[in-house]
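# Coordinates in review
Residues per chain are reported as follows:
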Amino acid sequence: MKKLIITTCLFGGLLIFASFTHFSTENTSEYATKTTPTEKVTKEKKPTIVGVAASNENFTTLVAAVKAANLVETLKGDGPFTVFAPVNDAFAKLPDGTVDGLLKPESKKTLTAILTYHVVSGKFVAADVIKAIKDGNGSFSITTVQGNKLVASLEGDAVVLTDAKGGTSKVVLTDVEASNGVIHAIDTVVMP
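### Some remarks on the overall build of the protein chain
- The number of helices and strands found in the protein chain is 9 helices and 7 strands.
- Looking at the protein chain residue by residue over its 192 residues, the buried ones come to 33%.
- Once local pairs closer than 6 in sequence are excluded, the contacts in the protein chain between residues at least 24 apart make up 64%.
- Approximately 11900 Å² of the protein chain is accessible, and the part contributed by carbon and sulfur atoms is 60%.

Here is the structure:
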């Protein structure tokens with residue numbers, strides 16, 4: 001009789017365990033996403049600065065210029081970089097024929113200097129730039145990859161960049177995240 005009770009308990013326990021296992025597997029599979037490891041990595045990875053710019057119609061002129069200057073691979077690099085990216089309208093403010101002239105192969109050196117003047121080594125989100133301006137008594141000097149400096153200051157709530165020639169550009173969009181840095185859109189091309 002004792003063997004029968006033990007056997008019945010063991011058998012019952014196995015049935016409960018089997019039912020629980022089936023229930024658990026059935027319910028979790030309903031909520032689980034069926035993603036391959038490659039798809040998971042692709043979904044989680046942000047594009048580089050070049051990828052972000054290329055996917056935004058406001059940066060088509062900038063992307064064409066980056067390609068003409070052979071800077072695509074550089075801006076796909078590890079970084080981090082902060083890019084003050086001129087929107088298409090910023091390039092349109094340049095004198096007639098300037099952009100076309102800069103995109104020619106013989107202008108590559110000048111174009112590279114202009115583009116790298118818009119890039120800073122390191123990641124500076126808007127809050128960092130504003131804090132640096134306030135800590136610097138109203139201005140923050142930024143050394144660009146090109147070697148010259150930009151000076152950031154505040155005009156109301158907007159960050160304004162002053163270039164080496166005294167020209168100014170307003171930051172119109174901040175903190176566009178990329179896998180290798182951040183982009184801040186500006187309304188005027190700055191000149192070294």
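### A closer look at helix H9 (residues 126-135)
- The set of residues buried in H9 consists of Ala126, Val129, Ala132 and Ile133. All buried residues of H9 fall inside an arc of 130° around its axis, so they share one side. Within H9, the exposed residues directed more than 90 degrees away from the buried face are Ala127, Lys131, Lys134 and Asp135.
- Residues of H9 that are buried in the fold lie against strand S3 (140-143), strand S4 (149-155), strand S5 (158-162), strand S6 (168-178) and strand S7 (181-186).
- Asn137 sits one or two residues past H9 and shows a positive phi near 55°.

### Overview of the nonpolar core
- Counting 30 residues, the largest nonpolar core has Phe59, Leu62, Val66, Leu115 and Val189 as its most contacted members.
- Put simply, the parts of the chain that give this core at least two residues each are helix H3 (49-54), helix H4 (60-68), helix H5 (72-75), strand S1 (81-86), helix H6 (88-92), helix H8 (108-116) and S7.
- Excluding residues that lie within four positions of it along the chain, Leu115 makes contacts with Leu62, Ala65, Val66, Ala69 and Leu71.
- The next biggest cluster of nonpolar side chains, apart from the first, holds 15 residues, and it includes Tyr117, Val129, Ala132 and Ile142.

### Re the environment of Phe91
- Within the secondary structure layout, Phe91 lies in helix H6.
- On the basis of relative accessible area, Phe91 is assigned to the buried category, the value being 7%.
- Spatially, the C-alpha atoms of Phe91 and Thr188 are 7.0 Å apart, while their sequence positions differ by 97 residues.
- With residues near it in sequence (within four places) discarded, Phe91 still touches Thr61, Leu62, Pro86, Val99 and Val189.

### Brief notes about the packing of H4 against H8
- At a closest axis distance of 9 Å, the pairing of H4 and H8 adopts a crossing angle of 125°. As the angle between them shows, H4 and H8 are arranged oblique. For H4 against H8, the interelement crossing comes out left-handed. Across the interface between the two elements, Leu62, Ala65, Val66 and Ala68 from H4 touch Lys108, Leu111 and Leu115 from H8.
- Of the residues contributing to the contact of H4 with H8, the split by class is 6 nonpolar, no polar and 1 charged.

What counts, and where the lines are drawn
Residues numbered from 1 in each chain as written. Predicted model: local features only at pLDDT ≥ 70, side-chain atom pairs only at ≥ 80, totals over all residues. Heavy atoms only, no water. Helix = DSSP H or I, 4+ residues; strand = E, 2+ residues; numbered from the N terminus. Buried < 20%, exposed > 50% of the residue type's maximum accessible area, 1.4 Å probe, protein only. Contact = heavy atoms within 4.5 Å. Areas by Shrake-Rupley, 256 points an atom, 1.4 Å probe, with all protein chains shown as cover. Arc of directions from axis to C-beta. Core = buried A, V, L, I, M, F, W, Y, C linked by side-chain atoms within 4.5 Å. Axes fitted to C-alpha atoms, helices over the stretch in contact; angles between N-to-C directions. Parallel < 35°, antiparallel > 145°, perpendicular 65-115°, else oblique. Left-handed = near helix turned anticlockwise from the far one by under 90°. Nonpolar A, V, L, I, M, F, W, Y, C, P; charged D, E, K, R; others polar.

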